[in-house]
Amino acid sequence: MDWMGELPSWMQSYPLSTIAIPGSHDSGTFSLDPNGPFAPDQPKTLATILATFPCIARPIVYRWSVTQSLHYDDQLASGIRYFDLRVSSGPEVNQYSVVHGLYGLEIMSCLQCIRDYSIKHPSEVFILDINHFYDMQVSDHNALIRMIVSELGDLLVPAQASLESITLAGLWQTKGRVICIYQNSIAHFFAKFVWCSAAITSPWPNVTDKGKLISYLDTRYEMGPPPPRILYATQGILTPSTGVIVRHPMSSLKTDMALGATDTVLKWITSKEEDNWYNIVLVDFVNYEKFAAQIIALNRTKRAPAIVSFPLLFGHLQLVPPSGLDEPSKPKSGSCKVPEEARNEDSS
C-alpha cells in the first residue's frame, strides 16, 4: 500500500508530526518462540517464579506476550509505518532479538523487511522506534547500531535539531526514508544515523480497563497537539497486570484485552475525526478491523496547522529557513537531553 504519496499536497510539505500514521505496538511479537527461553525483560520476582515452573509458565507467558499476529511484511502491506521494538542481546552469542516475555526474531529481520519494502515503495517513510534494551553493554549497542547502518544505509534520515524540518516533500528529494529512534544515551554519538529519545513522546496509559483507557486518552487529547518538533504516539493499548494473568492463566492478551481495546479506541478516534491532530496511533493486533486504513483515513479531515515548515536541503544537511526567520539551532555534540514534554513513558 502506497498511501503517503496520495496525501494532500499541503500535508506533504508539513512536518511528519502533522500526519496520522498507523503503528503497531511491540511489532515483532508475532515471532515469539513459545518453546524458547524466557527473555530478560521480565521483573526479577516474576523471573524467579517462571524459572521454578518453566513448563507450566511458558505457554501462559506466550499467550499474554504476543501482541501482533502479522509478520513485518504483512504489517507494511497493510499500511503500518511506525514500528515499536524492544531488543535484547541473545538468546545466542552475537544475536540481537525482539523480546516480550520470550525471544522472537533477530532485529535483522525487521531491518531487512523495511529495506526491501522501501525499495519497492519509494514514496513511503518509516519510523523505527527502538525504545527498550535488555542485557545490552556499550559494545552491544555499538554492534546493533552498526547492524542498523549496514542494513539501511542511505535510507536512514540523519538526526537534526528538530523534526519540524522533516517533511515528506523534503525526504522525497533524498534517499532518506527511515527515521530510526534509538532510545539510549549512546544515540548522540551516532546522530548521523539515529535519533535520540527527544524525537518522540509516547505516554503509556498503563491500565487494564477500557473505560480508564479512554479517560486517559481523552485527558491527553484535550491538552492539544504537542509542538511539531517532536512526534507524538497515542497508545491505544491495555496492559495486563500480574494479577490479571494469574486469574486468567488459560486466556490471552488478544481475547481478553487487546481486541476489545482496539475496537474501543477506533470508536473513540472516529468521534474526534473532524479536524483531528492525531499523529502516530498504535495498537495491538493491527490486522483487526482494518486498523491501518482507518488511521490513514484521518488525514482526509485534517487542516493545515498554523506552523512554519523549514525546507530540508540534503547534501549538506542544512536547515534553511525562509527569509526573515532565524535558523534553528543545530544539535550540540554529545547533547541528547529529553525535554519534559518529549519523554517516552512507555514501559508496556
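Right above here is the structure, for reference.
Basis of the calculations
- Residues numbered from 1 in each chain as written.
- Predicted model: local features only at pLDDT ≥ 70, side-chain atom pairs only at ≥ 80, totals over all residues.
- Heavy atoms only, no water.
- Helix = DSSP H or I, 4+ residues; strand = E, 2+ residues; numbered from the N terminus.
- Expected span 1.5 Å × (residues − 1).
- Contact = heavy atoms within 4.5 Å.
- Polar contact = N/O pair within 3.5 Å; in protein donor to acceptor, adjacent residues only side chain to side chain.
- Buried < 20%, exposed > 50% of the residue type's maximum accessible area, 1.4 Å probe, protein only.
- Core = buried A, V, L, I, M, F, W, Y, C linked by side-chain atoms within 4.5 Å.
- Pairing = 2+ DSSP bridges.
- Salt bridge = Lys/Arg side-chain N within 4 Å of Asp/Glu carboxyl O.
- Axes fitted to C-alpha atoms, helices over the stretch in contact; angles between N-to-C directions.
- Left-handed = near helix turned anticlockwise from the far one by under 90°.
- Nonpolar A, V, L, I, M, F, W, Y, C, P; charged D, E, K, R; others polar.
- Parallel < 35°, antiparallel > 145°, perpendicular 65-115°, else oblique.
- Phe/Tyr/Trp six-rings, centres within 6.5 Å; stacked < 30°, edge-to-face > 60°.
- Lys NZ or Arg CZ within 6 Å of the ring centre and 35° of its normal.

## Thoughts on helix H8 (residues 210-222)
For H8, with 13 residues, the first-to-last C-alpha span of 18 Å sits near the 18 Å given by 1.5 Å per residue. Looking at the packing, one finds that the buried side of H8 touches strand E8 (231-235) and helix H10 (253-271). Residue aspartate 209 occupies the N-cap position of H8, its side-chain oxygen lying 2.9 Å from the main-chain nitrogen of glycine 211. Positioned one or two residues after H8, glycine 224 has a phi angle of 90 degrees, which is positive.

## Looking at the environment of valine 66
Positionally, valine 66 belongs in the loop between helix H3 (54-65) and helix H4 (72-78). By relative accessible area, which is 13% here, valine 66 ends up buried. Spatially, the C-alpha atoms of valine 66 and phenylalanine 30 are 6.1 Å apart, while their sequence positions differ by 36 residues. The contacts of valine 66, once residues within four sequence positions are left out, are Thr29, Leu32, Leu253 and Phe285.

## A closer look at the nonpolar core
Counting 73 residues, the largest nonpolar core has Leu128, Leu144, Ile148 and Tyr182 as the members making the most contacts within it. By residue number, the principal contributor to this core is H10, which donates 8 residues. Beyond its immediate stretch of four places on either side in the chain, leucine 144 contacts Val87, Tyr96, Ile107, Phe133, Met136 and Tyr182. Leu16, Leu168, Ile179 and Ala233 belong to the second largest nonpolar core, which has 25 residues in total.

## Some points on the pairing of strand E4 (residues 102-106)
In terms of strand pairing, strand E3 (residues 96-100) meets E4 through 3 bridges, oriented antiparallel. Within the sheet, the bridge partner assigned to histidine 100 lies in E4 and is leucine 102. Linking two consecutive strands that pair antiparallel, namely E3 and E4, is a turn of 1 residue; a positive phi of about 85 degrees is found at glycine 101 within it.

## As for the pattern of salt bridges
Counted under the stated rule, the structure contains 8 salt bridges. A salt bridge links arginine 86 to aspartate 26; the nearest nitrogen and oxygen atoms lie 3.1 Å apart. Taken as a pair, arginine 86 in strand E2 (residues 82-89) and aspartate 26 in the loop between strand E1 (21-24) and helix H2 (44-52) lie far apart in primary sequence, 60 residues in all. Across the pair, aspartate 26 and arginine 86 agree in class, each one buried. In this structure, aspartate 116 engages arginine 115 in a salt bridge whose closest nitrogen and oxygen atoms are separated by 3.1 Å. Accessibility expressed as a relative area gives 37% for aspartate 116, which makes it partly exposed.

## Description of the packing of H8 against H10
Contact geometry for H8 and H10: axes closest at 10 Å, N-to-C directions at 35 degrees. Crossing hand, H8 versus H10: right-handed. Residues Lys210, Leu213, Ile214, Leu217, Asp218 and Tyr221 of H8 lie in contact with H10, whose contacting residues are Gly260, Ala261, Thr264, Val265 and Trp268. Looking at the contact of H8 with H10 residue by residue, the classes come out as 7 nonpolar, 2 polar and 2 charged.

## Some thoughts on the packing of helix H5 (residues 107-120) against helix H6 (residues 138-152)
The interhelical angle for the contact between H5 and H6, taken along N-to-C directions, is 25 degrees, at an axis separation of 9 Å. As far as their axial angle goes, H6 and H5 are roughly parallel. Here the hand of the crossing between H5 and H6 comes out right-handed. In contact with Ile107, Met108, Leu111, Gln112 and Arg115 of H5, H6 contributes Leu144, Met147, Ile148, Glu151 and Leu152.

## Focus: the packing of aromatic side chains
Enumeration over the complete set of coordinates arrives at 10 aromatic pairs. Summarising the aromatic geometry, the rings of tyrosine 72 and phenylalanine 83 are spaced 6.5 Å apart at their centres and angled 70 degrees between planes, so their arrangement reads as edge-to-face. Taken together, the positions of tyrosine 72 in helix H4 and phenylalanine 83 in strand E2 put the pair 11 residues apart, joining distant regions of the chain. Residues tyrosine 72 and phenylalanine 83 agree in their burial class; the two are buried. Grouped by ring-pair contacts, the aromatic residues Tyr221, Tyr232, Trp268, Trp277 and Tyr278 constitute a single cluster. Positioned over the ring face of phenylalanine 38 is arginine 58, at 5.1 Å from the centre of the ring.

Spatial relationships are all this shows, so hold off on functional conclusions.
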